[in-house]
2 protein chains.
Amino acid sequence: MGYGVVMSGRTPAAAAGPDATAFVVFAREGYAQATLDAIAAEARVAKHTIYNHFGDKQTLLRAAIAAEADRAMAKNLAAVDRLRDYDGDLRVTLEDVGRQLVACYCDERGWALRRLLYAEINQFPDLLDIITGRASDPVTEALADRLARLALAGHLRGGDPAAAAEQLAALLTGSLEARCRYGTRVISPAEQHAVARAAVDTFLHAFGTASGPAATTVATAALA
Amino acid sequence: MGYGVVMSGRTPAAAAGPDATAFVVFAREGYAQATLDAIAAEARVAKHTIYNHFGDKQTLLRAAIAAEADRAMAKNLAAVDRLRDYDGDLRVTLEDVGRQLVACYCDERGWALRRLLYAEINQFPDLLDIITGRASDPVTEALADRLARLALAGHLRGGDPAAAAEQLAALLTGSLEARCRYGTRVISPAEQHAVARAAVDTFLHAFGTASGPAATTVATAALA
DNA sequence: GTTACAGTGCACCGGTCAGTGTAGATTTGG
DNA sequence: CCAAATCTACACTGACCGGTGCACTGTAAC
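Below or above, wherever it landed, is the structure these notes cover.

1. Thoughts on the interface of chain A and chain B
Reports often express the size of an interface as the amount of accessible area lost when the parts come together.
No. 1: At the interface, 43 residues of chain A touch 43 residues of chain B.
No. 2: Of all residues in chain A, Y118, Q167 and Y182 of chain A give up the largest surface area on contact with chain B, accounting jointly for 19% of the area buried on that side.
No. 3: At the junction of chain A with chain B, the criterion picks out four salt bridges.
No. 4: Of the charged contacts in the structure, one is a salt bridge between R179 of chain B and E166 of chain A, with a shortest N-O distance of 2.9 Å.
No. 5: Between chain A and chain B we count 12 residue pairs in polar contact (both at pLDDT 80 or more) in total.
No. 6: Among the elements of the structure, α2 (18-29), α7 (108-120), α9 (136-152), α10 (161-173), α11 (176-179) and α12 (189-207) of chain A are those that each provide at least two residues to the side of chain A that touches chain B.

Okay, structure coming up:
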């Protein structure tokens, strides 16, 4: 013990532990450019302490990424879980969940994690193993579970729920890479809402039942 | 003069010029880790020669990325342009184009470019300016142009063709990040075909006309 | 032949950084 | 109250790399 919350007069950066601070620095500077001196200074901790805890720079990187991936997945799963609150208006519920998933994807830290992964995946291929089980895979699976329930209840067309989940996820996140300019642009909540609405609209056209609210209007997919 | 094609006994790496070689090394090692000595050696060129041509390391990076982005965009635009060969079977034509776009996205060099962009966008925000006009933006726009023609001819539902193009692009590429594991996994042509077919199927359900071939079967979107 | 240009190989400088060593301060637990 | 463990501050090493200077070679034009 001895970190963060226990100690009183720390900066926010240090309050979350050295690995969280390390993630911020790694994401900002890149692995090679990030110096341990900078990480230690930003975490308000002696450089030696980091070596005591993590051994070397690579181990610190892996720990930082694992912690951040856990955080991101928890947020995603919480959003998908809201599909249990299905109260009769499928479109509204889907749009709500979609909006939250889009928000997760547009999150500053989400972009930072994705950037860091793309950047270092060549030098550290084993980062994939750290991410697998903590990333989009379980989220899509959980989404497939919810969609399967909805299909069984007659609110969606039958078929492979995994495929449906994949298509919905693609519709929600596929355009965000371009819209957010690789994470350098922050898009407004209104624009996020428009993306979610357009995605759900297309999804319901393709996977909704005739009885369901498939055809409202062609979404005015212009942004706000 | 003095590079590449003109000289006979060069390795493939050097045959394309120092900037192409530089891109390969930058993508493999990362900007900071890539040494000019390594680039020069791999390009079969003296380090000094690189400085004569590009001035410094950053300029070399920008030149390498610009060249690679041009190459990628040309390939994408060629694929979209095949939508002009519309011969009556919309689904077949769209799947053909979709398959080619998926292949572009899964291209080894395409992943390398995307990785490099994600990796260095923080250190070199101006890379976005280099990419804008050479990247997915013009491709989506060209796709919107083709879809507008198809809608006008009654083969697709009306509405904003830009939105339709964005949705189609999202369906095609949205699942590839996960499927290709950030570019470290090569997916088979059969799997690429399945992705394109599922995307086009969903797209036609949402944007096809009643007269069109909207409903075939729910695509058996299992991979091969 | 000579002038101009472009490339080559090598050695060098200045700076940076991971990781270690050490010695003193602080905390923790019994 | 003491001892073990942990943290801090700081100096140091060994290695690496961007960029430069220099002496030399090859080639094409006039």
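2. Section: the protein's contact with DNA strand C
No. 1: Residues in contact with DNA strand C amount to 15 residues; listed here are only the nearest, A34, K47 and K57 of chain A together with A46 and T49 of chain B.
No. 2: Within the backbone of A34 of chain A, a nitrogen or oxygen atom sits 3.0 Å from a phosphate oxygen of DNA strand C.
No. 3: Separating a phosphate oxygen of DNA strand C from a side-chain N or O atom of T49 of chain B is a distance of 2.6 Å.
No. 4: Residue assignment for the surface near DNA strand C shows that the elements contributing at least two residues are α4 (47-54) of chain A together with α4 (47-54) of chain B.

3. Here's the deal with the protein's contact with DNA strand D
No. 1: Not every one of the 16 residues close to DNA strand D is listed here, only the nearest: A46 and T49 of chain A together with A34, H48 and K57 of chain B.
No. 2: The sugar-phosphate portion of DNA strand D accounts for 62% of its atoms within 4 Å of the protein, the bases making up the rest.
No. 3: One of the side-chain N or O atoms of H53 of chain A is found 3.3 Å from a phosphate oxygen in DNA strand D.
No. 4: At a separation of 3.1 Å, a phosphate oxygen of DNA strand D approaches a polar side-chain atom of Y51 of chain B.
No. 5: When residues of the surface near DNA strand D are traced back to their parent elements, those giving at least two are α4 of chain A together with α4 of chain B.
No. 6: Element by element, the count of residues in the surface near DNA strand D is highest for α4 of chain A, at four residues.
No. 7: By residue class, the composition of the surface near DNA strand D is six nonpolar, six polar and four charged.

4. Focus: helix α7 (residues 108-120) of chain B
All names here are of chain B.
No. 1: Over its 13 residues, α7 runs 18 Å from end to end, which matches the ideal 18 Å to within 8%, given 1.5 Å per residue.
No. 2: Within α7, 11 of the 13 residues are buried, which leaves it mostly tucked inside the rest of the structure.
No. 3: For α7, the complete set of buried residues consists of G110, W111, A112, L113, R114, R115, L116, L117, Y118, A119 and E120.

5. Focus: the packing of aromatic side chains
No. 1: All told, the structure shown has 13 aromatic pairs over all chains when counted by the stated rule.
No. 2: With 6.4 Å between their ring centres and 20 degrees between their planes, W111 of chain A and Y118 of chain B make a pair best called stacked. In this pair, W111 of chain A sits in helix α7 while Y118 of chain B sits in helix α7, so the two residues belong to two different chains. A single burial state applies to W111 of chain A and to Y118 of chain B, both of which are buried.
No. 3: A network of ring pairs unites the aromatic residues Y105, W111, Y118 and Y182 of chain A together with Y105, W111, Y118 and Y182 of chain B as a single cluster.
No. 4: Of note, K57 of chain B hangs over the ring of Y31 of chain B, and the distance from its end group to the ring centre comes to 4.5 Å.
No. 5: Here the basic side chain of R114 of chain B rests over the ring of Y105 of chain B, its NZ or CZ set 3.7 Å away from the ring centre.

6. Observations concerning the relation of the copies chain A and chain B
No. 1: With an RMSD of 0.0 Å, the fit of chain A onto chain B corresponds to turning through 180 degrees and sliding 0.0 Å along the axis. In symmetry terms, the pair is related by a two-fold rotation axis.
No. 2: A share of 100% of the interface residues of chain A reappears at the interface of chain B, consistent with the copies meeting face to face through the same patch.

7. Digging into the packing of helix α6 (residues 90-106) of chain A against α10 of chain A
Residue and element names in this part refer to chain A.
No. 1: In contact at an axis separation of 10 Å, α6 and α10 are set at 60 degrees when each is read in the N-to-C sense. The pairing of α6 with α10 is recorded here as oblique in orientation. Pair α6 / α10 crosses with right-handed handedness. Contacts between α6 and α10 involve L94, G98, L101, V102 and Y105 from the first element and L168, L172 and T173 from the second.
No. 2: Partitioned by chemical class, the residues of the contact of α6 with α10 number six nonpolar, two polar and no charged.

8. Brief notes about helix α12 (residues 189-207) of chain B
No. 1: With 19 residues, α12 of chain B should reach 27 Å at 1.5 Å per residue; the first-to-last C-alpha distance of 26 Å fits that figure.
No. 2: Burial within α12 of chain B is extensive, with 15 of its 19 residues counted as buried.

9. Examining the environment of D96 of chain B
No. 1: Within the secondary structure, D96 of chain B is located in helix α6 (residues 90-106).
No. 2: Through-space distance from the C-alpha of D96 of chain B to that of A79 of chain B is 8.8 Å; in sequence the pair is 17 residues apart.

10. Regarding the packing of helix α5 (residues 57-81) of chain B against α6 of chain B
Two numbers describe a pair of packed helices, the interaxial angle and the distance between the axes.
Residues and elements named next belong to chain B.
No. 1: As a packed pair, α5 and α6 sit with axes 8 Å apart at the nearest point and diverge in direction by 170 degrees. Taken as axis vectors, α5 and α6 run roughly antiparallel relative to one another. Two secondary-structure elements touch here, α5 through K75, N76, A79 and V80 and α6 through V97, Q100, L101 and C104.
No. 2: Tallied by class, residues from the contact of α5 with α6 come to five nonpolar, two polar and one charged.

About the cut-offs
The residue numbering used here restarts from 1 in each chain and proceeds along that chain's sequence as written. All chains are assigned letters beginning with A, and all ligands numbers beginning with 1, in the order in which they are written. A pLDDT threshold of at least 70 governs which residues receive local features in this predicted model, and a stricter bar of 80 or more applies before side-chain atom pairs are shown or counted, although totals over entire chains, interfaces and linings include all residues. With hydrogens and water stripped out, all remaining heavy atoms of the structure feed into the side-chain values. Contacts are residue-level and defined by heavy atoms, with any inter-residue pair within 4.5 Å sufficient. What gets called buried area is simply the loss in accessible area from a 1.4 Å probe that two parts show on being joined, summed for both. We define a salt bridge as a side-chain nitrogen of Lys or Arg found within 4 Å of a carboxyl oxygen belonging to Asp or Glu. A 3.5 Å cut-off defines polar contacts: any pair of N or O atoms within that distance qualifies, except that in protein one atom must be a possible hydrogen donor and the other a possible acceptor, and neighbouring residues in sequence count only when both atoms are side-chain atoms. Here a helix means four or more residues in a row that DSSP labels H or I, a strand means two or more in a row labelled E, and each is numbered from the N terminus. Residues are counted as near a molecule or strand when any one of their heavy atoms sits within 4 Å of it. Each residue is assigned to one of three groups, with Ala, Val, Leu, Ile, Met, Phe, Trp, Tyr, Cys and Pro labelled nonpolar, Asp, Glu, Lys and Arg labelled charged, and all others, Gly among them, labelled polar. Helix span, expected: 1.5 Å multiplied by one less than the number of residues in the helix. Using a 1.4 Å probe on the protein chains alone, a residue whose accessible area is under 20% of its type maximum counts as buried, one over 50% counts as exposed, and one in between counts as partly exposed. Aromatic rings from Phe, Tyr and Trp, with only the six-membered ring used for Trp, were paired whenever their centres fell within 6.5 Å, and each pair was classed as stacked if the ring planes differed by under 30 degrees, edge-to-face if by over 60, and tilted otherwise. Charge over a ring is defined by NZ of Lys or CZ of Arg lying within 6 Å of the ring centre and within 35 degrees of the ring normal. Least squares is used to superpose the copies, and the fit set is the C-alpha atoms of residues whose pLDDT is at least 70 in both copies. Lines are fitted to the C-alpha atoms to define the axes, a helix being fitted only along its stretch in contact, and any angle between axes, read from their N-to-C directions, falls within 0 to 180 degrees. Note on angle classes: values under 35 degrees are labelled roughly parallel, values over 145 roughly antiparallel, values of 65 to 115 roughly perpendicular, and the remainder oblique. Working rule for handedness: look at the near helix, and if it is turned counterclockwise from the far one by less than a right angle, call the crossing left-handed; if clockwise, right-handed.

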